[in-house]
2 protein chains.
Amino acid sequence: MKKIMNRPEDFAVETVEGIIAAYGDKVKLLNADPQIYLSNYPTREGKVGIVTAGGSGHLPVFLGYVGQGMLDGCAVGNVFASPSAQKMADMITACDRGNGVLCLYGNYGGDKLNFDMACEMVEMEDIETRTVLVKDDLASSPLEAREKRRGVAGMVYAFKVAGACADKGMSLDEVADMAQKALDNIRTIGVALSPCVVPMVGKPSFSIADDEIEVGMGIHGEPGIEVRKMMTADEIADDIISRIETEIPLSSGDEVSIMVNGLGATPIEEQLIVYRRIHKILSDKAVSIFMPHIGEFATSMEMAGLSITVFKLDGELKQCLAAPACTPFYTNHNK
Amino acid sequence: MKKIMNRPEDFAVETVEGIIAAYGDKVKLLNADPQIYLSNYPTREGKVGIVTAGGSGHLPVFLGYVGQGMLDGCAVGNVFASPSAQKMADMITACDRGNGVLCLYGNYGGDKLNFDMACEMVEMEDIETRTVLVKDDLASSPLEAREKRRGVAGMVYAFKVAGACADKGMSLDEVADMAQKALDNIRTIGVALSPCVVPMVGKPSFSIADDEIEVGMGIHGEPGIEVRKMMTADEIADDIISRIETEIPLSSGDEVSIMVNGLGATPIEEQLIVYRRIHKILSDKAVSIFMPHIGEFATSMEMAGLSITVFKLDGELKQCLAAPACTPFYTNHNK
């Protein structure tokens with residue numbers, strides 16, 4: 001498998017250099033550190049900070065959402081590796097405007113360990129933090145063990161809601177509670193068709209047969225629920241929506257946002273064919289769709305496949321989703 | 001190779017159904033015909049229409065740019081196949097607001113034949129047309145045979161300029177001349193790492209060895225300039241920029257827009273690593289970059305690779321590029 005890169009060990013840093021070269025009006029580095037990434041927009045004193053962190057290799061997650069109306073900062077590690085607690089602490093400190101910082105990130109062991117340490121470190125500087133873990137991947141653990149679930153593309157909706165709440169001037173507790181409320185109404189399941197290649201490894205980390213598809217695979221190649229013979233687009237949509245409906249039942253009059261997220265190598269056409277089916281399933285139930293998100297929001301480099309996220313809305317969540325945002329990979333001028 | 005689809009023969013139509021389901025506020029079909037696609041925004045009487053046409057399988061080209069500030073209409077065929085002259089004629093007629101229609105499309109045999117017929121057909125209805133062919137692919141023919149060159153990702157810039165000129169109230173001749181002026185300052189070269197699969201064919205239409213890259217390959221897999229051993233990201237950027245500079249020399253004080261366009265399966269990270277190098281090459285020459293475009297603008301389904309487009313600007317072209325637009329896959333609120 002071929003990658004367009006220079007030295008594998010420079011992959012993550014050179015990606016960040018590309019982002020700063022392209023979007024330096026929106027984002028900047030803290031002290032030229034390519035692992036600590038901040039909004040370049042002026043931030044109102046007193047605004048609650050919204051931050052995240054995680055490994056590289058998932059663009060637009062995470063860096064792509066730093067800017068206005070979503071994240072204030074992000075610490076980023078090497079490909080699929082957590083950044084250190086010290087980097088996270090420096091980033092949190094830089095994002096505090098006096099009223100605390102929400103740490104909103106995917107439920108992965110390394111990120112959790114380091115973020116917990118970072119929160120203790122900044123507590124010494126009297127910076128208040130709250131943590132909300134994203135665990136939207138329904139396929140990663142059964143309901144009775146949902147605390148173990150991983151965070152995937154649904155985190156983008158959570159960034160959006162938290163960012164909007166912070167912009168509105170809510171307190172840290174209020175913002176955290178709203179992010180949690182959003183996540184309680186968000187579920188994601190993905191399917192993978194082919195693996196990805198970690199640059200420093202140089203070969204696929206797993207394999208999927210030419211006539212097979214894996215339902216529920218994680219964004220680092222974590223095992224899913226089942227390996228099946230290749231499914232049609234309609235079968236994929238039907239299967240995932242029915243699995244998500246076991247936890248978020250939908251009925252006439254409900255309103256949702258739907259994210260069809262390409263994992264990296266999946267053509268836009270295929271994403272749209274799947275969306276078309278979801279639209280039909282929901283229209284048939286008289287469930288309406290608000291602000292569909294179709295494209296690449298959380299990827300795994302050259303992995304082929306996609307994920308479907310259902311975000312059930314109420315008036316408050318809908319208003320947050322519709323609020324303006326301006327980041328390198330997510331813009332909403334609410335027009 | 002696996003594709004997320006239903007019946008191969010429904011691939012193009014179901015893609016359009018997905019677009020209409022997702023972006024029905026921006027775009028609509030003419031008489032429910034999935035091959036004739038119109039802006040859903042109100043259009044001022046007297047505005048010059050801007051239209052294009054071509055085969056499916058290149059999203060966001062072409063459908064993704066119909067809306068406000070770019071294209072008024074588009075006829076679309078099956079995957080990699082031209083739509084009929086009749087569909088084009090119906091589409092042109094629907095886009096005329098009394099002052100004629102610019103047909104702005106890639107220089108491919110089938111499209112050209114059908115568009116020429118379509119223009120004759122609408123002439124009987126007293127609809128004036130002008131044609132500007134996109135031939136930005138420098139690699140597809142040498143300079144002395146530039147009339148044979150194909151149109152690739154640079155067409156997106158041409159859509160943007162033409163759309164902005166039409167919105168400003170320019171006449172058909174003025175709009176066509178500005179589109180041509182833009183194209184005189186636009187060159188593109190692509191590299192391909194892997195082939196794509198036409199749904200009805202079901203297997204790759206060509207092959208590239210595991211350690212090779214093809215420079216100059218077309219978006220339907222047309223042969224390029226040379227097959228080489230795999231190059232680094234910096235080598236790709238250096239090679240393409242120096243080839244483009246043989247026709248568009250750049251020097252201190254010049255201003256350009258740069259498009260790094262993923263062909264479908266290329267990770268965002270890789271696109272950014274290439275952009276980073278282009279930014280460095282141009283910064284070192286004191287050439288400034290305005291509105292970089294990084295992402296998927298003109299694809300070939302699951303083809304891996306990318307293209308680089310240089311668009312040399314003057315004050316007038318820059319203003320057109322910066323003008324507002326709102327389409328399913330291209331939004332600029334000029335903020």
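Rules used throughout
Residues numbered from 1 in each chain as written. Chains lettered and ligands numbered in written order. Predicted model: local features only at pLDDT ≥ 70, side-chain atom pairs only at ≥ 80, totals over all residues. Heavy atoms only, no water. Pairing = 2+ DSSP bridges. Helix = DSSP H or I, 4+ residues; strand = E, 2+ residues; numbered from the N terminus. Axes fitted to C-alpha atoms, helices over the stretch in contact; angles between N-to-C directions. Contact = heavy atoms within 4.5 Å. pLDDT = per-residue confidence, 0-100. Salt bridge = Lys/Arg side-chain N within 4 Å of Asp/Glu carboxyl O. Buried < 20%, exposed > 50% of the residue type's maximum accessible area, 1.4 Å probe, protein only. Least-squares fit on C-alpha atoms with pLDDT ≥ 70 in both. Parallel < 35°, antiparallel > 145°, perpendicular 65-115°, else oblique. Left-handed = near helix turned anticlockwise from the far one by under 90°. Nonpolar A, V, L, I, M, F, W, Y, C, P; charged D, E, K, R; others polar. Patch = residues over 30% accessible without salt bridge, like charges linked within 9 Å, V, L, I, M, F, W, Y side chains within 5 Å. Areas by Shrake-Rupley, 256 points an atom, 1.4 Å probe, with all protein chains shown as cover. Lys, Arg positive; Asp, Glu negative; His and termini not counted. Charge placed at Lys NZ, Arg CZ, Asp CG, Glu CD.

Chemist: Looking at this structure, how should I read the sheet that holds strand β4 (residues 73–79) of chain B?
Modeler: In a beta sheet, neighbouring strands are held together by backbone hydrogen bonds and run either parallel or antiparallel to one another. Residues and elements named next belong to chain B. As summarised here, the arrangement of the six strands in space is β1-β2-β4-β3-β5-β6, forming an open sheet in which the pairing is mixed. For this open sheet the edge positions go to β1 (27–30) and β6 (129–134), each flanked by a neighbour on one side alone. Taken pair by pair, the neighbouring strands of this sheet meet at an average axis angle of 25°, ignoring direction. Direction of pairing for strand β5 (residues 101–106) relative to β6: parallel, over a ladder of six bridges. Bridge pairing in β6 links V101 to T129. Across the sheet, helix α2 (residues 85–95) is in contact with β1, β2 (33–39), β3 (49–56), β4, β5 and β6; its angle to β2 comes to roughly 25°. Together, β3, β5 and β6 form the strand contacts of helix α4 (residues 155–167), whose direction differs from that of β5 by roughly 170°.

Chemist: Would you mind showing me how to read the confidence of the model for chain A here?
Modeler: Residues at a pLDDT of 70 or more form 99% of chain A, whose mean pLDDT is 96. Reported confidence for the predicted complex is 0.97 by ipTM and 0.97 by pTM.

Chemist: I keep staring at the pattern of salt bridges and nothing clicks. Help me out?
Modeler: Close approach of charged atoms allows side chains of opposite charge to pair. All names here are of chain A. Per the stated rule, a full pass over the model turns up 58 salt bridges over all chains. For K3, the salt bridge identified is with E302, shortest N-O distance 2.8 Å. Of the two residues, K3 sits in the segment before α1 (11–23) while E302 sits in the loop between β12 (293–295) and β13 (304–312), which places them 299 residues apart along the sequence. For K3, a relative accessible area of 8% puts it in the buried group. The closest approach of N and O atoms between K229 and D211, which form a salt bridge, is 2.9 Å. Separated by 18 residues along the polypeptide, K229 in strand β9 (residues 226–229) and D211 in the loop between β7 (186–194) and β8 (212–215) bring together distant segments of the chain. For D211, a relative accessible area of 36% translates into the label partly exposed.

Chemist: I'm lost on the relation of the copies chain B and chain A in this one. Help?
Modeler: A rotation about some axis, followed by a shift along it, carries one copy of the chain onto the other. Between chain B and chain A, the superposition needs a rotation of 180° and an axial shift of 0.0 Å, giving an RMSD of 0.0 Å. A rotation of that kind, with that shift, is consistent with a two-fold axis. When C-alpha distances to the rotation axis are compared across chain B, the minimum falls at B:A265, with a value of 1.8 Å. When the interface residues of chain B are mapped onto chain A, 100% of them are again interface residues, pointing to one common binding face.

Chemist: Looking at this model, I keep getting lost on the packing of α2(B) against helix α3 (residues 109–123) of chain B. Mind explaining?
Modeler: Working note: a packed helix pair is described by the angle between its axes plus the distance between those axes. Residue and element names in this part refer to chain B. α3 packs onto α2 with a crossing angle of 50° between their chain directions and a minimal axis gap of 8 Å. Between α2 and α3, the angle falls in the class oblique. The two elements α2 and α3 cross, and the hand of that crossing is right-handed. Contacts between α2 and α3 involve A85, Q86, M88, A89, M91, I92 and T93 from the first element and D111, N114, F115, M117, A118, C119, M121 and V122 from the second. Class assignment of the residues belonging to the contact of α2 with α3 gives a composition of 11 nonpolar, three polar and one charged.

Chemist: Hey, could you run me through a negative patch on the surface in this one?
Modeler: On the surface, A:D90, A:E120, A:E123, A:E125 and A:D126 cluster together into a negatively charged patch. Summarising the element assignment, A:D90 is placed in helix α2 (residues 85–95).

Chemist: Is there a simple way to explain unusual backbone geometry in this structure?
Modeler: Among all residues save glycine, negative phi is the norm, and among peptide bonds the norm is trans. With an omega of 0°, the peptide bond between A:L59 and A:P60 qualifies as cis. In this structure, A:P60 sits in the loop between β3 (49–56) and β4 (73–79). For the bond from B:V61 to B:F62, the omega torsion is 5°, close enough to zero to count as cis. Following the sequence through the fold, B:F62 ends up in the loop between β3 and β4. One non-glycine residue with positive phi stands out, namely A:F80, at about 60°. Assignment of secondary structure puts A:F80 in the loop between β4 and α2. Exposure remark for A:F80: the relative accessible area of 22% places this residue in the partly exposed category. In the Ramachandran plot, A:A286 falls in the positive-phi region, its phi being about 60° despite a non-glycine side chain. The residue A:A286 is located in the loop between α7 (268–284) and β11 (288–289) in this model. Classification of A:A286 as partly exposed rests on a relative accessible area of 42%.

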